[in-house]
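# Structure at a glance
Each chain is listed here by its residues.
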Amino acid sequence: EVLTLSKQANDVLSGKTITQVFNATKPHKFTFYSGDPLEYGKLLVGKTILSSKGYGMFVDFYLSGNVIMNIGDGVSARYYNPGDKVPANYQLLLTFKDESFLVFTVAMYGFISAYPDAVIDNISPLSDAYTEAEFEKLFAFAKKTLTAKALLATEQRIPGVGNGVTQDILFNAGIHPKQKVFDLSDGQKGVLFKSLKDTLMAMTSGRGRDTQTDLYGNEGGYKKILSSRTWK
């Protein structure tokens, strides 16, 4: 979803200048901001969106004046055309010169940040640089009690991989979520690495999971094997 969203943002948002910033209409105690969101207007108004990049569970928006805006896991970004109805509830809203606007909402939890600059040094599991040798490093520091699900879904050991994608990765690898990683054979580790790469690539090629929406509110084309829709 992150890669789909960043590609769409590059297509539709690049070149747009922010005219106003509206803060949350309904406070959400599990929306986490960097600094005071009431100060975001001073930082963002007048800035032009230059480009966007997705990595891990984050989407960065690169703005003029060396400003970066960032949204993380749990934040839904939705683009609206001029004249569209403004939703009643949101955690942040940006308007542009052409009167279109961008809305950020949070359901369970989410991260929204705006800051002068940032450094990104994580390797995406979709990158060629994320090799099986890189994956093997996770096992070197694993406790004997660590499960396969915990390896993938907790502590952001692999950028962008969390509970929402872990089920299908393990299912495709034929590995039980409660399997202790200490007991995995070299062959199983190899299968798990391949499943990680293949499953994430399928999700990306499908423009995200069918349980999530893109910048225009459309569901992704990847049909999840295990989700709240299919568990019965």
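Below you will find a few notes about this structure. Numbering of residues begins from 1 in every chain and follows the order in which that chain's sequence is written. pLDDT decides what is reported in this predicted model: residues at 70 or higher carry local features, side-chain atom pairs at 80 or more are listed and counted, and totals for whole chains, interfaces and linings draw on all residues regardless. Each side-chain value is derived from all of the structure's non-hydrogen atoms; neither hydrogens nor water enter the calculation.

## Structural notes on the overall build of the protein chain
Working definition: helices are DSSP H or I runs of at least four residues, strands are E runs of at least two. Numbering for both runs from the N terminus. Looking only at helices and strands, the protein chain features 6 helices and 9 strands. We compute the radius of gyration over the C-alpha atoms and compare it with the globule rule, which gives 2.2 Å times the number of residues raised to the power 0.38. In terms of C-alpha radius of gyration, the protein chain reaches 19 Å, essentially the compact-globule figure of 17 Å for 232 residues. Overall size of the protein chain, expressed as C-alpha extent along the three principal axes, is 55 × 40 × 30 Å. Counting only residues that meet the buried cut, the protein chain has 42% of its 232 residues in that class. We call two residues in contact whenever any of their non-hydrogen atoms come within 4.5 Å of each other. Sequence-distant contacts in the protein chain: of pairs separated by 6 or more residues, those separated by 24 or more amount to 61%. Each accessible area value is a Shrake-Rupley result obtained with a 1.4 Å probe; residue values ignore everything except the protein chains displayed when judging cover. Per element, the accessible surface of the protein chain, about 12,300 Å² overall, is 54% carbon and sulfur. A positive count includes Lys and Arg, and a negative count includes Asp and Glu. His and the chain ends are not counted in either. Charge positions come from single atoms, namely NZ of Lys, CZ of Arg, CG of Asp or CD of Glu. Charged side chains in the protein chain number 26 positive and 23 negative. The centres of these two groups are separated by 6 Å. Note on classification: 1.4 Å probe, protein chains only; a residue is buried when its accessible area is under 20% of the maximum for its type, exposed when over 50%, partly exposed between these limits.

## Comments concerning the packing of helix α3 (residues 132-140) against helix α6 (residues 186-205)
Between α3 and α6, whose axes approach to 11 Å, the crossing angle comes to 120 degrees. Judged by the angle between their axes, α3 and α6 are oblique. You can see that α3 and α6 cross each other, and the crossing is right-handed. Across the interface between the two elements, E132, F135, E136 and F139 from α3 touch K189, G190, L192, F193 and L196 from α6. Of the residues contributing to the contact of α3 with α6, the split by class is 5 nonpolar, 1 polar and 3 charged. Here an axis means a line fitted to C-alpha atoms, over the contact stretch when the element is a helix, while the angle between two N-to-C directions is reported on a 0 to 180 degree scale. Should an angle fall under 35 degrees it is called roughly parallel, over 145 degrees roughly antiparallel, and 65 to 115 degrees roughly perpendicular, with every other angle called oblique. Handedness of each helix crossing follows the sense of rotation of the near helix against the far helix: counterclockwise by less than a right angle gives left-handed, clockwise gives right-handed. Classification convention: Asp, Glu, Lys, Arg as charged; Ala, Val, Leu, Ile, Met, Phe, Trp, Tyr, Cys, Pro as nonpolar; all other residues, Gly among them, as polar.

## Describing the pairing of strand β9 (residues 110-115)
Of all 6 residues that make up β9, 5 are buried, and the element is covered over most of its length. Here strand β2 (residues 31-33) runs beside β9; their pairing, made up of 3 bridges, is parallel. Across the sheet, the residue bridging to Y33 is I112, located in β9. Two strands form a pair only when DSSP identifies at least two bridges running between them. Where strand β5 (residues 67-71) lies against β9, 4 bridges are found, and the strand directions are antiparallel. Counted as the bridge partner of I68 is Y115 from β9.

## Topic: α6
One less than the number of residues in a helix, times 1.5 Å, gives the span that helix is expected to have. The end-to-end C-alpha distance of α6, which contains 20 residues, comes to 29 Å, matching closely the 28 Å that a straight helix rising 1.5 Å per residue would cover. Those residues of α6 not exposed but buried are K189, L192, F193, S195, L196, K197, T199, L200 and M203. Packed against the buried residues of α6 are α3, α4 (148-153) and α5 (163-173). Of the residues flanking the end of α6, it is R207, one or two places downstream, whose phi is positive at about 65 degrees.

## Notes on α5
Taken together, the buried positions of α5 are V165, T166, D168, I169, L170 and A173. Looking at the buried residues of α5, the elements they touch are α4 and α6. Taken from the residues just after α5, G174 is the one with a positive phi, measuring 70 degrees.

## Some remarks on the packing of aromatic side chains
When two rings of Phe, Tyr or Trp (its six-membered ring) have centres within 6.5 Å they constitute a pair, described as stacked for plane angles under 30 degrees, edge-to-face for angles over 60, and tilted for the intermediate range. The tally for this structure, following the rule as stated, stands at 9 aromatic pairs. Arranged with centres 6.2 Å apart and planes meeting at 70 degrees, the rings of F61 and F104 form a pair that is edge-to-face. With F61 in strand β4 (residues 58-63) and F104 in strand β8 (residues 101-106), this residue pair connects regions lying 43 residues apart in the sequence. Pair check on accessibility: F61 and F104 agree, each one buried. Note on Y109 and F111: the rings are 6.2 Å apart at their centroids and 80 degrees apart in plane angle, and the pair reads as edge-to-face. Each member of the aromatic cluster is reached from another via a ring pair, and the members are F32, Y109 and F111. Over the ring of F139 we find K189; its NZ or CZ atom is 4.7 Å from the centre of that ring. Working rule: Lys NZ or Arg CZ, within 6 Å of ring centre, within 35 degrees of ring normal, means a charge sits over the ring.

## Here we look at the nonpolar core
In terms of nonpolar packing, the biggest core is built from 28 residues, with L13, L44, F61, M69, I71, L94 and F104 touching the most fellow members. Buried Ala, Val, Leu, Ile, Met, Phe, Trp, Tyr and Cys residues that are joined via side-chain atoms within 4.5 Å together make up what is termed a nonpolar core. Ranked by size, the runner-up nonpolar core spans 24 residues in total, among them L146, I175, L184 and Y222.

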